[in-house]
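What follows is each chain in one-letter form.
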Number of protein chains: 2
Amino acid sequence: MAQASPSASAGDTKALILDAALRRFAEHGYDGTSLNDIADDVGIRRPSILHHFPSKEAIYRAVLKQLVDDWGTLVIKAVRDPEKGWDQIERVLAAAFEFFENNTEFVRLVRREAIAGGPFFDEIATTLQPLFDQAVGFLEREMKAGRLRKHNAPQLLLAGYGAILSYFSDAPLITVLLGSDPLSPEALRVHHREVVELFRNALDPR
Amino acid sequence: MAQASPSASAGDTKALILDAALRRFAEHGYDGTSLNDIADDVGIRRPSILHHFPSKEAIYRAVLKQLVDDWGTLVIKAVRDPEKGWDQIERVLAAAFEFFENNTEFVRLVRREAIAGGPFFDEIATTLQPLFDQAVGFLEREMKAGRLRKHNAPQLLLAGYGAILSYFSDAPLITVLLGSDPLSPEALRVHHREVVELFRNALDPR
DNA sequence: GTCTATATTCCGATAGAC
DNA sequence: GTCTATCGGAATATAGAC
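Residues numbered from 1 in each chain as written. Chains lettered and ligands numbered in written order. Predicted model: local features only at pLDDT ≥ 70, side-chain atom pairs only at ≥ 80, totals over all residues. Heavy atoms only, no water.

**A short note on the packing of helix α5 (residues 85-102) of chain B against helix α6 (residues 104-116) of chain B**
Residue and element names in this part refer to chain B. Relative orientation of the contacting elements α5 and α6 amounts to 90°, with a least axis distance of 4 Å. Considering the angle they form, α5 stands roughly perpendicular to α6. For the pair formed by α5 and α6, the contact residues are Phe99, Phe100, Glu101 and Asn102 on the first element and Thr104, Phe106 and Val107 on the second. When grouped by side-chain class, the residues that make up the contact of α5 with α6 number 4 nonpolar, 2 polar and 1 charged. (Axes fitted to C-alpha atoms, helices over the stretch in contact; angles between N-to-C directions. Helix = DSSP H or I, 4+ residues; strand = E, 2+ residues; numbered from the N terminus. Parallel < 35°, antiparallel > 145°, perpendicular 65-115°, else oblique. Contact = heavy atoms within 4.5 Å. Nonpolar A, V, L, I, M, F, W, Y, C, P; charged D, E, K, R; others polar.)

Written out as structure tokens, the structure is:
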């Protein structure tokens, strides 16, 4: 029986290391995470970590690869059998929200990379670049066909990227600003609805 | 004659340290920056840094305080003699864009704090919180008066926060996605116009 | 596969000469 | 005010026993 969650709960030490490393790297960044931190979470000693991975950098790379692969899989599923116009956008938004909700570490890690170029910035950037181009292409096609109102497609996409990702990546700050948990199911529902409405106002010609 | 820029170009070593530290902390984070890095940029040795500041943490705190003070000053100026409805929003947006354009390090530093809680997360959060409440109050008042279309004000504000800040904080990634410099005057003009239009579609009842 | 012990390097911070 | 020299500690990584 396969495990749906990216984490493992028993047996495979390698998976336990990746799971602990993901949480640590997302929370404290690459420089702010030591092999001792990861080893403590797993419940083993530092050198035992390096029996499974050749270096700290290799662990980080493996964590990143797993996340980007998961994201790529989701995107492929989301753009299969595409709808036209606004319906497709709502579909992709819903898929993205669900993914981010279940992978908040992904968002924070990618954001850390985006800000400054972590150790493997180029890898992430070149992976995301074709997905971005594909989305821009879709938007421009639908605008030209009159199924979406005309806008600067790349800029609109970047605005959406920022609005959605920030809500997850900056959850600690937003918790203070709102005075309540922004990641509760109720709060996420409200945020989702508001973002959809914001872009529907700009894009939906109906 | 006073110096308008936050940086110094000669003489005052303390200011040179702050200037170098700001750039290093914004680019590589607190953990990713060593006193040697800063000292190298200034052109002195590591212990000389600690003649001007008692510790690395004190330098970070000083950098942060200067940025938050600058931001507070801008906000105070921007909300003086407020306009009504959409005009005021456009005014504040223009002021914010100009500030971020001239203080890209501010954006990246605040974002690092927002993601995980840097060393002084609480300070930043409690400083920004009343500004957030003030903005929410304005939006809700204007919506009630019919000068703005009704929305979930906090959520809309968070969406705007994310859309605008991400463009600056994630400039390294966006450079790859767009294939051109997102911080060029021309690109900033386009981005500014698109963000204004996005929110005008949602808010302006005219 | 996990451990103890250790090599090496870098860190922040201090002491004291000039 | 800046320097060299050094302390104490933590980091990654390796060697080798079990």
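From this point, things continue past the structure.
**A word on helix α7 (residues 121-144) of chain A**
An α-helical turn contains 3.6 residues, so any two residues separated by three or four positions project in the same direction. Compared with the 34 Å implied by 1.5 Å per residue over 24 residues, the 34 Å span of α7 of chain A between its first and last C-alpha is a close match. By the largest-angle criterion, Gln129 of chain A marks the main kink of α7 of chain A, which is about 25°, and a proline, Pro130 of chain A, follows within four residues. Within α7 of chain A, the full set of buried residues consists of Phe121, Ile124, Ala125, Leu128, Phe132, Val136, Phe138, Leu139, Glu142 and Met143 of chain A. At its buried positions, α7 of chain A is contacted by α4 (56-78), α5 (85-102), α6 (104-116), α8 (153-169) and α10 (185-203) of chain A together with α9 (171-178) of chain B. Of the residues one or two after α7 of chain A, Gly146 of chain A is the one with positive phi, at around 80°. (Expected span 1.5 Å × (residues − 1). Bend = angle between axes of the 7 residues up to and from the residue. Buried < 20%, exposed > 50% of the residue type's maximum accessible area, 1.4 Å probe, protein only.)

**A short note on the interface of chain A and chain B**
Contact residues are listed per partner, giving 47 residues for chain A and 47 residues for chain B. Taken together, the links from chain A to chain B amount to 17 residue pairs in polar contact (both at pLDDT 80 or more). Among the elements of the structure, α1 (13-28), α6, α7, α8, α9 (171-178) and α10 of chain A are those that each provide at least two residues to the side of chain A that touches chain B. Considering each element in turn, the side of chain A that touches chain B owes the most residues, 11 residues, to α8 of chain A. For the side of chain A that touches chain B, the per-class residue count stands at 26 nonpolar, 11 polar and 10 charged. (Polar contact = N/O pair within 3.5 Å; in protein donor to acceptor, adjacent residues only side chain to side chain.)

**A look at the protein's contact with DNA strand D**
Residues in contact with DNA strand D amount to 17 residues; listed here are only the nearest, Arg46 and Lys56 of chain A together with Arg45, Ser48 and His52 of chain B. Atoms of DNA strand D within 4 Å of the protein: sugar and phosphate make up 59%, bases the balance. In the environment of DNA strand D, a phosphate oxygen lies 3.1 Å from a nitrogen or oxygen atom belonging to the backbone of Leu35 of chain A. Take His52 of chain B: an N or O atom from its side chain is 2.6 Å from a phosphate oxygen of DNA strand D. Secondary structure elements with two or more residues in the surface near DNA strand D: α2 (35-42) and α3 (46-52) of chain A together with α3 (46-52) of chain B. Element by element, the count of residues in the surface near DNA strand D is highest for α3 of chain B, at 5 residues. A per-class count over the surface near DNA strand D returns 5 nonpolar, 8 polar and 4 charged. (Near = heavy atom within 4 Å.)

**What about the domain arrangement of chain A?**
Residue and element names in this part refer to chain A. Splitting chain A by domain gives domain 1 (8-53) and domain 2 (65-203). Averaged C-alpha coordinates put domain 1 and domain 2 at centres separated by 28 Å. On the side of domain 2, 7 residues touch domain 1, which itself brings 9 residues to the contact. Its largest share of buried area at the contact with domain 2, domain 1 owes to Leu22, Ala26 and Glu27, together 61% of the area lost on that side. Between the two partners, domain 1 and domain 2, sit 1 salt bridge. Where Arg108 meets Glu27, a salt bridge forms, and the shortest distance between an N and an O atom there is 2.9 Å. Put simply, domain 1 and domain 2 have 3 residue pairs in polar contact (both at pLDDT 80 or more) between them. Residue composition of the side of domain 1 that touches domain 2, by class: 5 nonpolar, 2 polar and 2 charged. (Domains from an automatic or database assignment. Buried area = accessible area lost by both parts, 1.4 Å probe. Salt bridge = Lys/Arg side-chain N within 4 Å of Asp/Glu carboxyl O.)

**As for the packing of α7 of chain A against α9 of chain B**
To describe two helices that pack against each other, one gives the angle between their axes and the distance between the axes. One can describe the packing of α7 of chain A onto α9 of chain B by two numbers: an axis separation of 8 Å at closest approach and a directional angle of 50°. Here α7 of chain A lies oblique to α9 of chain B, going by the angle between them. As α7 of chain A packs across α9 of chain B, the resulting crossing turns out to be right-handed. Where α7 of chain A approaches α9 of chain B, its residues Phe121, Ala125, Leu128, Gln129, Phe132 and Asp133 of chain A are matched on the opposing element by Pro172, Leu173, Val176, Leu177 and Leu178 of chain B. By residue class, the composition of the contact of α7 of chain A with α9 of chain B is 9 nonpolar, 1 polar and 1 charged. (Left-handed = near helix turned anticlockwise from the far one by under 90°.)

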